[in-house]
Amino acid sequence: MASILPASNKPMRSDQNTYVGKSFVHVKNPYLDAMDEDILYHLDLGTKTHNLPAMFGDVKFVCVGGSPNRMKAFALFMHQELRLPGSGEDIEDICAGTDRYCMYKVGPVLSISHGMGIPSMSIMLHELIKLLHHAQCCDVTIIRMGTSGGIGVAPGSVVITDTAVDSFFKPRFEQVILDNIVTRSTELDKELAEELFNCSREIPNFPTLIGHTMCTYDFYEGQGRLDGALCSFSREKKVDYLKRAYIAGVRNIEMESTVFAAMCRLCGLKAAVVCVTLLDRLECDQINLPHDILVEYQQRPQLLISNFIKQRLGLCDQTS
Ligand SMILES: O=P(O)(O)O[C@@H]1C[C@H](O)[C@@H](CO)O1
Ligand SMILES: O=c1cc[nH]c(=O)[nH]1
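Description of the structure in this document. All values reported here derive from a predicted model rather than from experimental measurement. Along each chain, the written sequence defines residue order, and numbers are assigned to residues from 1. All chains are assigned letters beginning at A, and all ligands numbers beginning at 1, according to the order in which they are written. Predicted model: local features are reported for residues with pLDDT of at least 70 only, side-chain atom pairs are reported and counted for 80 or more only, and whole-chain, interface and lining totals are derived from all residues. To obtain the side-chain values, all non-hydrogen atoms of the structure were used and water was disregarded.

**Describing the overall build of the protein chain**
Let me state the cut-off plainly: The secondary structure listing takes helices from DSSP runs of H or I that are at least 4 residues long and strands from runs of E that are at least 2 residues long, numbered from the N terminus. Residue contacts follow a heavy-atom distance rule, with two residues in contact if any of their heavy atoms lie within 4.5 Å. Throughout, the Shrake-Rupley method with a 1.4 Å probe supplies accessible areas, and for residues the shown protein chains are the sole cover considered. Here the positive residues are Lys and Arg and the negative ones are Asp and Glu; neither His nor the chain ends is included. By convention, the point assigned to a charge is CZ for Arg, NZ for Lys, CD for Glu and CG for Asp.
Counting its regular elements, the protein chain contains seven helices and 15 strands. For the C-alpha atoms alone, the extent of the protein chain along its principal axes is close to 65 × 50 × 35 Å. Sequence separation of 24 or more characterises 74% of the internal contacts of the protein chain that already satisfy a separation of 6 or more. For the protein chain, the exposed area adds up to about 15,100 Å²; of that, 52% sits on carbon and sulfur atoms. Between the mean site of the 31 positive side-chain charges and the mean site of the 38 negative ones, the protein chain shows a separation of 4 Å.

**Here we look at the packing of helix α2 (residues 68-81) against helix α7 (residues 291-312)**
Heads up, the rule is: Lines fitted to the C-alpha atoms define the axes, with helices restricted to the stretch that makes contact. Angles between their N-to-C directions range from 0 to 180 degrees. Take the far helix as the reference: if the near one is turned anticlockwise from it by less than a right angle, the crossing is left-handed, and if turned clockwise, right-handed. Any residue outside Ala, Val, Leu, Ile, Met, Phe, Trp, Tyr, Cys, Pro, Asp, Glu, Lys and Arg is labelled polar, Gly included; the first ten of those are nonpolar and the last four are charged.
For the pair α2 and α7, the least separation of the axes is 10 Å and the interaxial angle reads 40°. As α2 packs across α7, the resulting crossing turns out to be right-handed. Taking contact as the criterion, the partners of Arg 70, Ala 73, Phe 74, Phe 77, Met 78 and Glu 81 in α2 are, on α7, Gln 298, Gln 302, Leu 303, Ile 305, Ser 306, Ile 309 and Lys 310. The class makeup of the residues in the contact of α2 with α7 is seven nonpolar, three polar and three charged.

**Here's the deal with α7**
Rules: By this rule the span expected of a helix is its residue count minus one, scaled by 1.5 Å. In this analysis the local bend is the angle between axes fitted, respectively, to the seven residues ending at and the seven residues starting at the residue. Classification of residues uses two cut-offs on accessible area relative to the type maximum, computed with a 1.4 Å probe and protein chains only: under 20% is buried, over 50% is exposed, and between them is partly exposed.
Between the first and last C-alpha of α7 there are 32 Å, a value that for 22 residues agrees with the 32 Å anticipated at 1.5 Å per step. When the local axis directions of α7 are compared, the greatest deviation, roughly 30°, occurs at Arg 300, which is followed within four positions by the proline Pro 301. Taken together, the buried positions of α7 are Tyr 297, Arg 300, Pro 301, Gln 302, Leu 304, Ile 305, Ser 306, Asn 307, Phe 308, Ile 309 and Lys 310. Phi turns positive, to about 75°, at Gly 314, one or two residues after α7.

**Some thoughts on the pairing of strand β9 (residues 141-150)**
Rule in force here: We call two strands paired when DSSP finds no fewer than two bridges between them.
Buried residues dominate β9, accounting for nine of its 10 residues. Where strand β6 (residues 61-65) meets β9, four bridges bridge the pair, whose relative direction is parallel. Each residue of the ladder has a partner; that of Val 62, found in β9, is Ile 142. Both β9 and strand β15 (residues 270-280) contribute to a ladder of nine bridges, which runs parallel. For Thr 141, the partnering residue across the bridge sits in β15 and is Lys 270. Where β9 and strand β14 (residues 250-254) come together, two bridges link them in antiparallel fashion. Note on β14: the bridge partner recorded for Gly 149 is Ile 253.

**A few points about the site of ligand 2**
Convention followed: For each residue, the test is whether any non-hydrogen atom lies within 4 Å of the molecule or strand; if one does, the residue is near. In protein, a polar contact requires one atom able to donate a hydrogen and another able to accept it; more generally it is a pair of N or O atoms within 3.5 Å, and residues adjacent in sequence count only if both atoms are side-chain atoms.
Taken together, Thr 147, Ser 148, Gly 149, Phe 219, Gln 223, Arg 225, Ile 253, Glu 254, Met 255, Leu 279 and Ile 287 make up the full set of residues adjacent to ligand 2. A distance of 3.5 Å separates an oxygen atom of ligand 2 from a polar backbone atom of Gly 149. Within the side chain of Gln 223, an N or O atom sits 2.9 Å from a nitrogen atom of ligand 2. If you list the elements that add at least two residues to the shell around ligand 2, you get β9 and β14. The greatest single-element share of the shell around ligand 2, amounting to three residues, is contributed by β9.

**Re the packing of helix α3 (residues 118-134) against helix α6 (residues 257-266)**
Applicable threshold: Small angles under 35 degrees read as roughly parallel and large ones over 145 as roughly antiparallel, with 65 to 115 read as roughly perpendicular and the rest as oblique.
For the pair α3 and α6, interaxial distance at closest approach is 9 Å and the crossing angle is 20°. The orientation of α3 relative to α6 falls into the category roughly parallel. Crossing of α3 against α6: the hand is right-handed. For the pair α3 and α6, contact is made by Ile 118, Met 121, Ser 122, Leu 125, His 126 and Ile 129 and by Thr 258, Val 259, Phe 260, Met 263 and Cys 264, respectively. A breakdown of the residues in the contact of α3 with α6 according to their chemical character gives eight nonpolar, three polar and no charged.

**Re the site of ligand 1**
Near ligand 1, the surroundings consist of Gly 66, Arg 70, Met 116, Arg 144, Met 145, Gly 146, Thr 147, Phe 219, Met 255 and Glu 256. The contact in question runs from an oxygen atom of ligand 1 to an N or O atom on the side chain of Thr 147, over 2.6 Å. Between an oxygen atom of ligand 1 and a side-chain N or O atom of Glu 256, the distance comes to 2.5 Å. By residue number, the principal contributor to the shell around ligand 1 is β9, which donates four residues.

Right, dumping it as structure tokens:
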């Protein structure tokens, strides 16, 4: 593990990434310490060009989701919910110098887009984790808020993931490193999932459940859709696969949770995945929700996570 504090003010270390009660984000790369400068290329940030501890040292909650517009909307929503001064309308994209990802900071909350799929999520996470490490952030909770296809649950339900599983319903992420496959665990923080679930129970008419989330490499063939440009299996095979997924405990399908769970776990970040379901995949493949309903559904994870953050910050009376 690379060191995270200057030698002069390093507090006593009690285990691998805990310094007397504080849990620091850690990286597992012996080469990082020897680097004179670390350029976080896809975030347009760097250790020489930016004072990362000053910019990000107070971050306690990192919220990530696929779409840049959604993550900006979440940042504006948090600005309002935390009752920060000003309208928030002039909020700046910290990664404006690149169009790969967007990033907004609202008090102790960082809102970042990760694009679609495992590779895009992985690149963003490598640079985000190094950013939190360089900034000496501690006690950080990270949550993915997204959309998904449900299995056997009503559209609009919010699924809090207990374990992310792959297309074989296994709790693992297989990372190809050079010409090896390294298998990593995708267990998420159970206490955090419970805390989020308890929070959801305080919101009226808010269907929420805890279950496994299946993460695939593709939206169409990988999720058993019959409506892609390519389809080589029958309707019966599709339904059989999704029913087996349901029996294995899977309640929704998306495209980032396994790598997210695996990387956060390895780097000492308490992580959760909260996704709304847009359809029941046992019923259909196409997402044909009216726009206003789609927008309302996408706001559900945001509402839950905002209430969770306010509870954590002791602003319970401000729960929406
Ligand atoms: O966070 P989002 O809603 O982008 O996540 C899901 C999984 C894929 O990235 C995408 C597919 O539509 O939505
Ligand atoms: O069916 C769906 C809907 C959203 N996101 C997915 O990955 N799949």
